[in-house]
Every structure is written in C-alpha cells, then in structure tokens.
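# Commentary on secondary and tertiary structure
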Amino acid sequence: MTEKKVRAHTNIALIKYWGKRDEKLILPASSSLSLTLDAFYTDTSVAFDSSIQQDTFYLNGVLQNDVATKKVSHFLDLFRKPAGIHSPALIKSTNFVPTAAGLASSASGMAALAGAANEACNLQLTKRELSLFARKGSGSATRSIYGGFVEWQMGTSSTDSYAVPIDDADWDIGMLVVVVNSRQKEISSREGMKNTVKTSPFYSGWLESTAKDLIEIKDAIYSHDFQKMGEITESNGMKMHGTMLGANPPLSYWEPDSVVAMQLVRQLRQEGLPCYFTMDAGPNVKVLCRLTDSDKIKKRFETHFDSDQLIIAKPGEGLKVLSE
Ligand code: 2P0
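I will try to describe carefully the structure that is included in this document. These numbers come from a predicted model, not from an experiment. (Residues numbered from 1 in each chain as written. Predicted model: local features only at pLDDT ≥ 70, side-chain atom pairs only at ≥ 80, totals over all residues. Heavy atoms only, no water.)

## Thoughts on the site of the ligand
What surrounds the ligand is a group of 17 residues, the closest being Tyr17, Lys20, Ser138, Gly139 and Arg190. Taking Lys20, its side chain carries an N or O atom lying 2.7 Å from an oxygen atom of the ligand. The contact in question runs from an oxygen atom of the ligand to an N or O atom on the side chain of Ser138, over 2.6 Å. Relative to its unbound accessible area of 470 Å², the ligand is 92% covered by the protein chains. Looking at the shell around the ligand, the element that brings in the most residues is helix H4 (residues 189-199), giving 3 residues. Residues belonging to the shell around the ligand are distributed by class as follows: 7 nonpolar, 5 polar and 5 charged. (Near = heavy atom within 4 Å. Polar contact = N/O pair within 3.5 Å; in protein donor to acceptor, adjacent residues only side chain to side chain. Areas by Shrake-Rupley, 256 points an atom, 1.4 Å probe, with all protein chains shown as cover. Helix = DSSP H or I, 4+ residues; strand = E, 2+ residues; numbered from the N terminus. Nonpolar A, V, L, I, M, F, W, Y, C, P; charged D, E, K, R; others polar.)

Structural data, given as structure tokens:
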C-alpha cells in the first residue's frame, strides 16, 4: 500500500463550540461556524506495517509517549475496523504552526489523521464522512475538513453531526493572530467546557443566543456583509467567555495583554478601520479583518507587541492529499 501524506489546516470559530451533549460521541450542544486558515496546518501519513509490534507515532520527528500514542491508536481503530485491518501503524505527523504561535493543533491534527487513515485503509470516505470521523477525534476537527467558512451542524445523532462548507471566503477576508502567550493551557478545552455545561447558570442563555447568532452570521456571510459578520463574531466570542466566568470554579483564559489587544481593536475601529476580535480557550486574540487592511493593522499592533507575536493568515483550503 502506498503511503500518502494528507494536509489539514486549522480553523478559528466565529460562532463557538463550547459544550457537548454527548461526551463520548463528541456531539456538540450547539452548532458552530469557523474560518479555516492557510497559515497553520498539519501533514500526516499513516502506514500499516505488520512487522512492527505496536502503533508508533512520531510528531515533528519525535517518538511520542504512550498517552499520546493511545489517543491516536483509538482513533485509528475507527478506520481499521470497517477496513478489516489488524496491523499496527506507523504514524508520522508534522505541525506547521509558526514557532510559539500557541494555537491548538487538535483541529488540524485530527482532521489530517482522519484523511491519512482514510488513504491508508482505502476506505474512500466522502468529505462528509471524514468530517464525521474527525469529530470523534476532536470537535473542532470536524470543521477542518473544509476550507473557507464552515458550519458544524449539531445534528440529531452521531450520524448527522458533521460540517458543511458555507462559503469559500474568497472576498477580502483575513485574520491577524496576536500571540499573547504560547504556554500550554492549564485547563483543557475538554475539561473547561464540561465544567461550564455542568455549573454555569448562564449556559442556557448561551445556547439560546448562539443559535440566533449562527442564523444571523450566515446571512451576513452570504451577503458579504463584513461589518455584520464581525459584530456577531465579537459578540459571540465574548458570550462564550461570559458563560465560562459563570462556571464554578470560574474559568478565564485571559491575560492582561489579551485585554490590551482587544482595546486596540476597539480603538482601530473608532479610527475607521473595520476589525473585530475573538478569543478561544487561551489568551491569544484573533482579529478578523479585511485582508487588504491586515498589514496596516499589524503595524499598529507592533506598537504593543513584537512582530513575531503577530501572524497574518488568509482563508485556508480544505483537507487535501499531497502527492508524494
Ligand atoms: C471552537 N474551541 O469552536 C471552540 C471555541 C475552543 C473555544 O473547539 O473536546 O479541542 O476535542 O471536542 O475541539 C476547542 O475544543 O474539544 C474548541 P474536544 P476541542 O473552536
């Protein structure tokens, strides 16, 4: 069997996924919508090899420990089973995330692994099926199968909770990633969202509000209304962080420089430069902007941040098999 390398890009949610209705199947409590980015991606290959004793996983050229390998093995079993394959696999993965970008790589990582497993098992899964499989590895990976703006539909069961492409984002869209801190977070998204669902009194309000935001942002995207899209993005992200603050114990991923970045975005807007922020389960700030304004915005951020903390990303493409 030939070994094929598969590439998947990461994505940033404009309408956030924060909470599951089924922990095991990774079924979300609400639908979400993201923008796939070109600047950050993972390349992965899977090769089944009956001459090795067990699954062997290299990440960025480094042999991984049992915990990381088990996670990959369990995920690969989802593909081995329908393919009737029992051999161990050699998995090689490389994360192309600029040094110290501090962005979670589980979205691109699990999406690329799903694609590589599909190739190695010759299952010939459709993108929709791959999205569904990727979901079982990590929620946000569901969306990384497609490029541009992508919706992860919560669905009614495990068989219809997958992503669908919404728009190719080929209309002067960019994102400035402001790296406030690249340290590993203390509370994982998985733990953080679980506790928020369980304890935050704001959670029911979040679900109601995010469903409305999703409908409205899709209208804005379809009509290429950048301002409306940005306003909904900023508001939705803040509401997600609001639900976390209401959890017990309260959860916050913000750092002082996160607030500095958010204030700068507001200031730029007052000066007539349209841009909007969002934040995920970490202190870094992502600024949604016109691609044609991104250099100007980056320059303004350089008054507060080092230039290696500032990365401009364009919309990225979906999962693809690279020719060896
Ligand atoms: C998102 N995040 O929509 C949200 C916003 C973080 C904040 O998806 O448990 O690594 O593997 O499904 O996908 C990060 O959570 O969590 C995430 P699991 P995941 O992008």
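## Focus: unusual backbone geometry
Cis geometry is found at the peptide bond from Asn248 to Pro249, where omega equals 0°. Residue placement: Pro249 occurs in the loop between helix H6 (226-245) and helix H7 (256-270). Even without glycine at this site, His224 takes up a positive phi of about 55°. Along the chain, His224 falls in the loop between helix H5 (203-222) and H6. Residue class for His224 comes out partly exposed when judged on its relative accessible area of 39%. (Buried < 20%, exposed > 50% of the residue type's maximum accessible area, 1.4 Å probe, protein only.)

## Describing the pattern of salt bridges
Counted according to the given criterion, the structure contains 14 salt bridges. Across the pair Asp280 and Lys16 runs a salt bridge, and its minimum N-O distance is 2.6 Å. Within this pair, whereas Asp280 is found in the loop between strand E11 (275-279) and strand E12 (285-289), its partner Lys16 is found in the loop between strand E1 (5-15) and strand E2 (20-22), the two being separated by 264 residues in sequence. Summarising the burial analysis for this pair, Asp280 and Lys16 share the class buried. Here Asp280 ties to Lys286 by a salt bridge, and the two come within 2.8 Å at their closest N and O atoms. Of the two residues examined, Asp280 and Lys286, each falls in the buried class. Members of the salt-bridge network, linked through shared partners, are Lys16, Asp280 and Lys286. (Salt bridge = Lys/Arg side-chain N within 4 Å of Asp/Glu carboxyl O.)

## Regarding the pairing of E1
E1 sits mainly inside the fold: 10 of its 11 residues count as buried. Summarising the sheet, E1 and strand E4 (residues 32-48) pair through 9 bridges and their orientation is antiparallel. When the sheet's bridge partners are listed, Asn11 is paired in E4 with Thr36. Two strands pair when backbone bridges link them, and E1 and strand E14 (residues 320-322) are joined in this way by 3 bridges, in the antiparallel orientation. Counted as the bridge partner of Lys5 is Leu322 from E14. (Pairing = 2+ DSSP bridges.)

## Structural notes on the packing of aromatic side chains
Going through the model one piece at a time under the given rule, you end up with 8 aromatic pairs. Taking 4.7 Å as the distance between ring centres and 65° as the angle between the ring planes, the aromatic pair formed by Tyr17 and Trp152 counts as edge-to-face. You can see Tyr17 sitting in the loop between E1 and E2 and its partner Trp152 sitting in strand E8 (residues 149-152), a full 135 residues away along the chain. The two residues Tyr17 and Trp152 agree in class, both being buried. One aromatic cluster is present, formed by Phe75, Phe79 and Phe133 through successive ring pairs. The ring of Phe133 carries the charged tip of Lys136 above its face, separated from the ring centre by 5.6 Å. (Phe/Tyr/Trp six-rings, centres within 6.5 Å; stacked < 30°, edge-to-face > 60°. Lys NZ or Arg CZ within 6 Å of the ring centre and 35° of its normal.)

## Details of the nonpolar core
In terms of nonpolar packing, the biggest core is built from 30 residues, with Val46, Leu76, Phe79, Ile91, Leu113 and Ile145 touching the most fellow members. Broken down by secondary-structure element, the contributors of at least two residues to this core are E1, helix H1 (66-83), strand E7 (89-96), helix H2 (106-121) and helix H3 (127-135). Per-element tally for this core: the top contributor is H2, with 9 residues. Apart from the residues lying within four places of it in its own chain, the contact partners of Leu76 are Val46, Ala89, Ile91, Leu113 and Ala117. Within the second largest apolar cluster, 27 residues are counted, among which are Ile12, Leu35, Ile166 and Ala220. (Core = buried A, V, L, I, M, F, W, Y, C linked by side-chain atoms within 4.5 Å. Contact = heavy atoms within 4.5 Å.)

It is worth stressing that arrangement in space is one thing and function is another; only the former is reported here.
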